[in-house]
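Structural overview
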Amino acid sequence: MTREELLARTLVELADTLVDDFDVVELLVLLVERSVELLDAAAAGLVLADEDDRLRVMASTSDAVEVVQLFELQHDQGPCFDCWRSGEPVVAPDLSQASERWPAFVPIAVEAGFRASHAFPVRLRTRVLGALNLFRTEPGALSTADATAGRALADVAAISLCQVRAIRDVQLVTEQLQHALQSRIAIEQAKGMLAERGAVGMDEAFSRLRSYARARQRPLVDVAGDLVSGVLALDAVLSAATRRGAGTR
């Protein structure tokens, strides 16, 4: 399958999730995963602003990316933060040359193995909701074609989040975003519980949680909520996912 065919299939697959009860976290995870598959990037992450206008990590392709982005947001500096604040793409083709711009962020990103970054705004009309950040392990900017595709994926994220067909006012947009952020919290709690119980890493814990939800065609956040509340046994998710052979996030 060519990259163009995969991109087309991805956009259709993402658009197919636009139903009233779609699983927003699963969709965002799919989006960052496909961003890495489609574009010349080694890792990707997505951040969104909450109701207090503070950025939160919503999806990432690895724990390393999540740690880098958390550090970025804690210090209010880095490609994602600048992209969200300006509403424009932010390109850092060589992070080693960006220490003056982002003195706290650059050492952490470089230590994690990243050498370049390209952030795209996730926006609904004039409102910037967050940013999609792509990381490369070698210096160099994305090609024009990749940059265009990255922008398209960020636009799909905005449409998916807000379900444009149903948007009537700013308050509804805020409610949709807050629901997404609360869903992420439940999933992080469930990941931690599974990781501790199964003595596995957080990436593996997420994979098993996701596999269990997919096999039963249930929203990821609902399964996570059942785990946190005790309705669903941790061992049930761990053993079922192990039998199916879950992949990594």
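Residues numbered from 1 in each chain as written. Predicted model: local features only at pLDDT ≥ 70, side-chain atom pairs only at ≥ 80, totals over all residues. Heavy atoms only, no water.

Here we come to the overall build of the protein. For the protein, the helix and strand inventory stands at 10 helices and 5 strands. Here the analysis covers contacts within the protein between residues at least 6 apart in sequence; of these, 63% occur between residues at least 24 apart. Of the roughly 11300 Å² of accessible surface on the protein, 51% is carried by carbon and sulfur atoms. (Helix = DSSP H or I, 4+ residues; strand = E, 2+ residues; numbered from the N terminus. Contact = heavy atoms within 4.5 Å. Areas by Shrake-Rupley, 256 points an atom, 1.4 Å probe, with all protein chains shown as cover.)

Among the secondary structure elements, Gln77 is positioned in the loop between helix H3 (63-74) and helix H4 (79-86). Within the local environment of Gln77, its side chain forms a polar contact with the backbone nitrogen of Ala104, the two atoms lying 2.7 Å apart. (Polar contact = N/O pair within 3.5 Å; in protein donor to acceptor, adjacent residues only side chain to side chain.)

This part takes up unusual backbone geometry. Phi is positive for Ala199, close to 55 degrees, though the residue is something other than glycine. With respect to the helices, strands and loops of the structure, Ala199 is situated in the loop between helix H7 (170-198) and helix H8 (202-215). Unlike most non-glycine residues, Gln217 shows phi in positive territory, near 55 degrees. The topology assignment puts Gln217 in the loop between H8 and helix H9 (220-229). With relative accessibility at 74%, the residue Gln217 sits in the exposed group. (Buried < 20%, exposed > 50% of the residue type's maximum accessible area, 1.4 Å probe, protein only.)

At their nearest, the axes of helix H2 (residues 24-38) and H8 sit 13 Å apart, and the two run at 120 degrees to each other. Between H2 and H8, the angle is such that the two are oblique. Considering the relative orientation of H2 and H8, their crossing is left-handed. The segment H2 lies against H8, with Glu26, Val29, Leu30 and Glu33 engaging Phe206, Arg210 and Arg214. Residue classes in the contact of H2 with H8 are distributed as 3 nonpolar, no polar and 4 charged. (Axes fitted to C-alpha atoms, helices over the stretch in contact; angles between N-to-C directions. Parallel < 35°, antiparallel > 145°, perpendicular 65-115°, else oblique. Left-handed = near helix turned anticlockwise from the far one by under 90°. Nonpolar A, V, L, I, M, F, W, Y, C, P; charged D, E, K, R; others polar.)

Another aspect to go through is the pairing of strand S2 (residues 55-60). Most of S2 sits inside the fold, with 5 of its 6 residues counted as buried. Sheet topology places strand S1 (residues 43-49) next to S2; 5 bridges connect them, and they run antiparallel. What sits directly across from Leu48, in S2, is Arg56. Where S1 folds back on S2, the antiparallel hairpin that results is connected by 5 residues, among which Asp53 adopts a positive phi of roughly 65 degrees. (Pairing = 2+ DSSP bridges.)

The subject of this paragraph is the sheet that holds strand S3 (residues 90-92). Strand pairing in a sheet is mediated by backbone hydrogen bonds. Such pairs are either parallel or antiparallel. Strands sit in the order S2-S1-S5-S4-S3 across an open sheet of 5 strands; the sheet is antiparallel. Only two strands of the sheet have a single neighbouring strand rather than two, namely S2 and S3. Direction aside, neighbouring strands of the sheet carry axes that sit 20 degrees apart on average. Packed onto the sheet, H2 meets S1, S2 and strand S5 (127-136) and runs at close to 140 degrees relative to S1. Against the sheet, H3 engages S1, S2 and S5, with an angle of about 170 degrees to S2.

Leu28, Leu46, Val122, Leu132, Leu194, Leu209 and Leu227 are the most contacted members of the largest nonpolar core, which totals 50 residues. Considering each element in turn, this core owes the most residues, 8 residues, to H2. Aside from chain neighbours lying at most four places away, what touches Leu46 is Leu28, Leu31, Val32, Arg56, Val57, Met58, Ala59, Gln69, Val122, Ala131, Leu132 and Ala157. Of all hydrophobic cores here, the second largest spans 25 residues; its members include Ala43, Val68, Phe81 and Trp84. (Core = buried A, V, L, I, M, F, W, Y, C linked by side-chain atoms within 4.5 Å.)

Taken across its 8 residues, H4 has 6 buried, putting it largely inside the fold. Listed in full, the buried residues belonging to H4 are Pro79, Cys80, Phe81, Asp82, Cys83 and Trp84.

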